[in-house]
2 protein chains.
Amino acid sequence: MIHPRTLRVDYGRTISVVCVVGSELNVNLNRSAPPSSKFFSVKCTSNVYYNISPPPESKSHLSPIPINDNSVLLISMRSASQSENDSKLTVRYYAENREVLGIAVLHLTGVEISLDVDADRDGVVEKNNPNKGSWKWGPKGHGAILLVNCDTEQTYWKRPDTEQAFVSNVSDLKDMSLMVLRTKGPAKLPEGYKLTMHISQGHAERVRVFRAKNPGGANNAKHSFFDYFVRDYPLVLSSKVLSEEVPYLGGEAQMNCYVEGLHFPDKDFDGLVRVNLSLLEPICEGLPETPIFTDTVVFRVAPWIMTPNTLEPAEVFVCSTSDNYQFLKEMKDLVAKSGLKLRTCFENMNRGDRWMQDEIEFGYIDSPHHRFPVVLDSPRDRGLKDFPYKELLGGDFGYVTRVPEREDVGSLDSFGNLEVSPPVSVNGKNYPLGRILIGVAFPTTTQGRNMTQVVQDFLWAQKVQEPIALFSDWLVVGHIDEFMTFVPAPDRKGFRLLLASPDAGFKLFRRLQKDGHGQAKLFDGVPNQETITVDEILQDDDFKSQNDYVQGCIDWNRDVLKRELGLDEEDIIDLPILFKLDTDALDKDAKVVRAVAFYPDMVNMIVLGKRLGIPKPFGPRVNGRCALEAEMCSLMGVLGLSCTFIDDFASYHKMLGEVHCGSNVRRQPFKFKWWKLEM
Amino acid sequence: MIHPRTLRVDYGRTISVVCVVGSELNVNLNRSAPPSSKFFSVKCTSNVYYNISPPPESKSHLSPIPINDNSVLLISMRSASQSENDSKLTVRYYAENREVLGIAVLHLTGVEISLDVDADRDGVVEKNNPNKGSWKWGPKGHGAILLVNCDTEQTYWKRPDTEQAFVSNVSDLKDMSLMVLRTKGPAKLPEGYKLTMHISQGHAERVRVFRAKNPGGANNAKHSFFDYFVRDYPLVLSSKVLSEEVPYLGGEAQMNCYVEGLHFPDKDFDGLVRVNLSLLEPICEGLPETPIFTDTVVFRVAPWIMTPNTLEPAEVFVCSTSDNYQFLKEMKDLVAKSGLKLRTCFENMNRGDRWMQDEIEFGYIDSPHHRFPVVLDSPRDRGLKDFPYKELLGGDFGYVTRVPEREDVGSLDSFGNLEVSPPVSVNGKNYPLGRILIGVAFPTTTQGRNMTQVVQDFLWAQKVQEPIALFSDWLVVGHIDEFMTFVPAPDRKGFRLLLASPDAGFKLFRRLQKDGHGQAKLFDGVPNQETITVDEILQDDDFKSQNDYVQGCIDWNRDVLKRELGLDEEDIIDLPILFKLDTDALDKDAKVVRAVAFYPDMVNMIVLGKRLGIPKPFGPRVNGRCALEAEMCSLMGVLGLSCTFIDDFASYHKMLGEVHCGSNVRRQPFKFKWWKLEM
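Remember, it's a predicted structure, so these values are computed and weren't measured experimentally.

Draft legend 1. Structural view of the overall build of chain A. Each helix and strand in chain A was counted, giving 12 helices and 42 strands. For 679 residues, the compact-globule estimate of 2.2 N^0.38 gives 26 Å, and chain A exceeds it by more than 25% at 34 Å. Sequence-distant contacts, at least 24 apart, represent 74% of the contacts inside chain A between residues at least 6 apart. On chain A, roughly 27,300 Å² of surface is accessible, and the fraction owed to carbon and sulfur atoms is 48%. Side-chain charges of chain A comprise 78 positive and 91 negative groups, with the mean position of each set lying 5 Å from the other.

Draft legend 2. Structural detail: the sheet that holds strand β29 (residues 468-471) of chain B. Residues and elements named next belong to chain B. Reading across from one edge, β25-β28-β29 is the order of the 3 strands in this open sheet, with mixed pairing throughout. Every interior strand has two partners, whereas the edge strands, β25 (418-420) and β29, have only one. Along the sheet, successive strands turn relative to each other by an average axial angle of 35°, direction set aside. Where strand β28 (residues 436-440) meets β29, 4 bridges bridge the pair, whose relative direction is parallel. Its bridge partner being in β29, V440 is matched across the sheet by F471. In this fold helix α8 (residues 453-461) packs onto β25 and β28, with an angle of close to 155° to the strand it touches most, β28. Docked against the sheet, helix α11 (residues 541-565) engages β28 and β29, running at close to 165° with respect to β29.

Draft legend 3. Fine view of the domain arrangement of chain A. Residue and element names in this part refer to chain A. On domain assignment, one finds that chain A holds domain 1 (3-112), domain 2 (117-301) and domain 3 (305-676). At the interface, 28 residues of domain 2 touch 28 residues of domain 3. Taken over both partners, the interface formed by domain 2 and domain 3 buries close to 2,400 Å², and the fraction arising from carbon and sulfur atoms is 64%. If you sort the residues of domain 2 by the area they bury against domain 3, L147, K158 and F264 come out on top, with a joint share of 25%. Counting every contact that joins domain 2 to domain 3 gives 2 salt bridges. When the shortest N-O distance is used, the salt bridge between D266 and R402 registers 2.8 Å. Class assignment for the residues of the side of domain 2 that touches domain 3 results in 12 nonpolar, 4 polar and 12 charged.

Draft legend 4. Fine view of the interface of chain A and chain B. Counting residues at the interface gives 57 residues for chain A and 57 residues for chain B. Summed over both sides, the interface of chain A with chain B buries roughly 4,900 Å², with 51% coming from carbon and sulfur. Considering only the surface of chain A that becomes buried against chain B, A:R8, A:R31 and A:T444 emerge as the three largest contributors, covering 15% of it. At the boundary of chain A with chain B, the tally comes to 12 salt bridges.

Draft legend 5. Examining unusual backbone geometry more closely. All names here are of chain A. Of the consecutive residues S53 and P54, the connecting peptide bond is found in the cis state with omega at -10°. Position of P54 relative to the elements: it lies in the loop between β5 (48-53) and β6 (65-66). One non-glycine residue, L656, lies in the positive phi region at around 70°. Structurally, L656 can be placed in the loop between β41 (642-646) and β42 (663-667).

Draft legend 6. Seen up close, the relation of the copies chain A and chain B. Here chain A sits on chain B after a turn of 180° about the axis and a move of 0.0 Å along it, with an RMSD of 0.1 Å. Such a combination of rotation and displacement between the chain copies is what one expects of a two-fold axis. Measuring from the rotation axis to each C-alpha of chain A, the shortest distance belongs to A:D268, at 3.1 Å. Comparing contact sets, 100% of the residues at the interface of chain A also lie at the interface in chain B, consistent with an isologous, same-surface contact.

Draft legend 7. Layout of the confidence of the model for chain A. All names here are of chain A. Scored by pLDDT, chain A comes out at a mean of 93, with 95% of its residues at no less than 70. Every residue in residues 216-223 scores below 50 in pLDDT, and together they form 7 contacts with partners more than four places removed in sequence or on other chains. As scored by the predictor, the complex reaches a pTM of 0.93 and an ipTM of 0.89.

What counts and what doesn't
- Residues numbered from 1 in each chain as written.
- Chains lettered and ligands numbered in written order.
- Predicted model: local features only at pLDDT ≥ 70, side-chain atom pairs only at ≥ 80, totals over all residues.
- Heavy atoms only, no water.
- Helix = DSSP H or I, 4+ residues; strand = E, 2+ residues; numbered from the N terminus.
- Rg over C-alpha atoms; globule rule 2.2 N^0.38 Å.
- Contact = heavy atoms within 4.5 Å.
- Areas by Shrake-Rupley, 256 points an atom, 1.4 Å probe, with all protein chains shown as cover.
- Lys, Arg positive; Asp, Glu negative; His and termini not counted.
- Charge placed at Lys NZ, Arg CZ, Asp CG, Glu CD.
- Pairing = 2+ DSSP bridges.
- Axes fitted to C-alpha atoms, helices over the stretch in contact; angles between N-to-C directions.
- Domains from an automatic or database assignment.
- Buried area = accessible area lost by both parts, 1.4 Å probe.
- Salt bridge = Lys/Arg side-chain N within 4 Å of Asp/Glu carboxyl O.
- Nonpolar A, V, L, I, M, F, W, Y, C, P; charged D, E, K, R; others polar.
- Least-squares fit on C-alpha atoms with pLDDT ≥ 70 in both.
- pLDDT = per-residue confidence, 0-100.

Right, dumping it as structure tokens:
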């Protein structure tokens, strides 16, 4: 929207003025009239239009019009000028007796100016979208989108492109949002007028704006490769330069600018950024030029989006260590059957850290013009510390991290403790991108462990997958993937929530006992592991109490999940899994008792489409078949899912993790576009 | 809203459980049934209610009901228990042949728990308002309100009450919001159960929660005065204690708590604070107690609100200096005529700083239970530095300030540069509390002066008087009160915007010249001031150019004000005021040219209801009367306003300020309540 601007004219003088097409110049006639003026008349060239407010009583403008206290002349132009001052308007002032008391002459130069973005989100920068200055969520929403340029164009000494304030390669431009300055008018602006791009300090800390120096993008062989891009795409706005002149190209022209997002939405940043373009009118030396027209566009920085188990897998990641050959082999088979590639992180990079799930979380960022995966690096930083930055960060593969300044990083900061649900609808509110899930301590305790605040703040600020805090501090390791996961389903909401359930476990073991299999052994054939019979398990009252407590903890989460994800009983499947309590192995000083899985924790699985890679439970054998595997296959089979049991006993389970903890999956993004969310 | 909770029962065992009235316990029957169970039946005492999901086909509950995979028993209680475990429910499990396979027994204790606030904003804490957990703006809105306890209960060594973490006086309690914990149940809770109040770290930094130790508020004469309050109102929650047990009082009881706001809404604080109360169920030593019921209330911290000139004055403030006796006398007369008291700040406190407008801005905070004025102290800090803290801060008179950490404080940080409009409506959007106005440089310049960011952030964060940034950097002093003010009017929008206007000035002088008064002198009779005639003014082309520039600057603001306040030409009155340009007297190094008023700047007035105190302009005398005063009286007289011209020439005007700069007015608050705003 272009606002009216007050213009001063003086009788006895000719003034030149630039008029932006679409804008309105208001001249207060009474204020600038010669003393004793009673009437006025207006004459102008064909390109100039005028109105008088309040409208004169006589409909003919041939005879002079009475001036009153509030007579305002409203002047506009409907097209750009071919040359400077090619349009004219004259005001004559008359005395009572129609004697001319004075003449004011206005020379006008019409220009068209529009700062343009892709406000309708179709990947094309349209001309002067009326909604370009505001941002609205939803299918009928509008407003341009910006990506954080968190990938890198470099192969060596790489770092995210956000960390360098220049365009290093033409491929870098596609990570930025195109913003076009369209102008039309004479070959040059009248003396002293100029165009300035500007931004507020707060917003300047969130973006950079570059522009193409040569509109045609001419190749200049005289420059070195580095010079080429730095010189051809000069930096216009940054946190150090809040306002800078941009050239007026003359005639009908467009200048391409490139806006680069620097920060994801966070606690102190709502994601919105405004960029302004003003036409400045000169006064004289020592006086600031007056902005007589300002066009504003708004961008929202795209949030980081997580991908649930129901999305198609794209790549599977595992670590190779000195002791996990068998696990790797079984994983490789499963992944090959799924038609995917296994990416193995070797020991020189993982330094013995096998917990691929815990160091990173895969997600992506999306806009109408471009999309790429982005890895969120956990502040955990054990052996795999360098893997995401050194191995994953690359062209069209972004990197982001949040590291607390003062707080300690603990076990709950691992990303086995960060998951996301499939799309859900809760009491009429839709979450088409699902909801993020994290594990923390009860808010009522003063001694519990938590996920570090900066990571929580980051997750909440993304907004589009509103997080839910679960209770995971009851576990020694403390990750929500120890008791829950989601699998795709052909019916109902398109998925099931799987929960570890000691009750389901005891129910199964009691049935086995009742059916005469009380002497069947768990852990049969597992090296260095004592076996235990079904009868022994069922007669241990203390063990039962421990599992009752665990079931209580999981039920607490079950209640939260049902409520916050809008689930029914029928959406949940209880898996027969037992736990045991121990004084916290990770926290020797604390007298806190926490839980670990008693046998390989089947819920801690990898989900690859319809194929599940499940920790092999080594349960009691009945008629030659593991009763736990049989139960699992039966429960999953109903959903059309196939179970592959992977032996992770020695190399993961004994170290308090399982298949899921030891792997990671990059998935295809949602088809649903985040900006179509109703917020 | 109370959510369902999963409860585990075991056959062959009796378990005791506390059930909060209004909540629902869900028992998954299949999960805990003995193997081979096919049917179940339920029996309970009269205070216990149950439902079965999915509902059994047979409508009679007399015969056993088939168990299916998802059979859930939904248990609730409708009133509190008289004694522990006084209610009972039994589940019997049957085999195919109706043989009883197991019995699960549940002992129940019903309690009523409600954390209550004044969610309907009538000054009374109602019981269990269904909307207490959310906050909604508007006439049909809801949600409790909190005041920042920024006044002081102390007379000596005073500091705002927010700075001390105890209740120093019973009068302190009325600055806080009452929050009542209502409970009903047996004399004591079953062993190990407890009530805990808790809050998140982020919110705990914004409030403190105290509680009354003795519900009856018994007076205990054994304590000293200080001990009395500290001990009788112990601190429950603060940034150092996020979770604390509160006593369960037994029977039907209520415990009064007092919530104290510590911070105004700001850049990093949206003003909303949640306080939670949970009932904890014991597990056993070493395991965290489980929150089985949580009640949450939400408060919004009341914003700081400014008062426009159209509100009734309450007190007028001026400074006494060695040279302003005459000014003081004239002000005293005007204030007396208005029926108000003049409060004079003497030299020992003002240390020669006469700019009462610039050091402080009066506002207030409001809630359904209490309201008081709050002074915003400018970071300017010249001679009047200590005045707001030492003289104004007091009982029911609050104090707030924002001081930048690193940036320099400049002339635009004085509060002559901070004003507020009367209520307006702009394109259908209502601003019933008006809009805040500040002056800054053009955003297109890199060298302009600005108002410090922390003060701007504070003003924007209050939200209810959405600020507008004007251009004031063209003035040497740089305050918006040098070119604009608002006066009450009987018609139209209830006010007029007055703008200084060199065009109106020149028009008046030209008329005088034309009428034969070209030799009339300005400044006639002013000591130590050369006179100048109307003719001399009109023949100085350079002076006219300077004023054309000034008119352009004011017109730029006029356009913004019309647009942002929804004003018409008829809502604005141009006052005949001339300016002159000079290299900036406040900024000797800069080669910038800025403006000061050429004669006393009549728009810089004090507005006391229908009485205006206007700088005496010392304009040209025509027929014994100052033509500027006559014009002013004529323009204001139409609105029913009376003009008193106050001689501030030597003591203010020559020092680049006027009447408004040298005074301040505390006004009555708006009748409109801020929480009724549609946001």
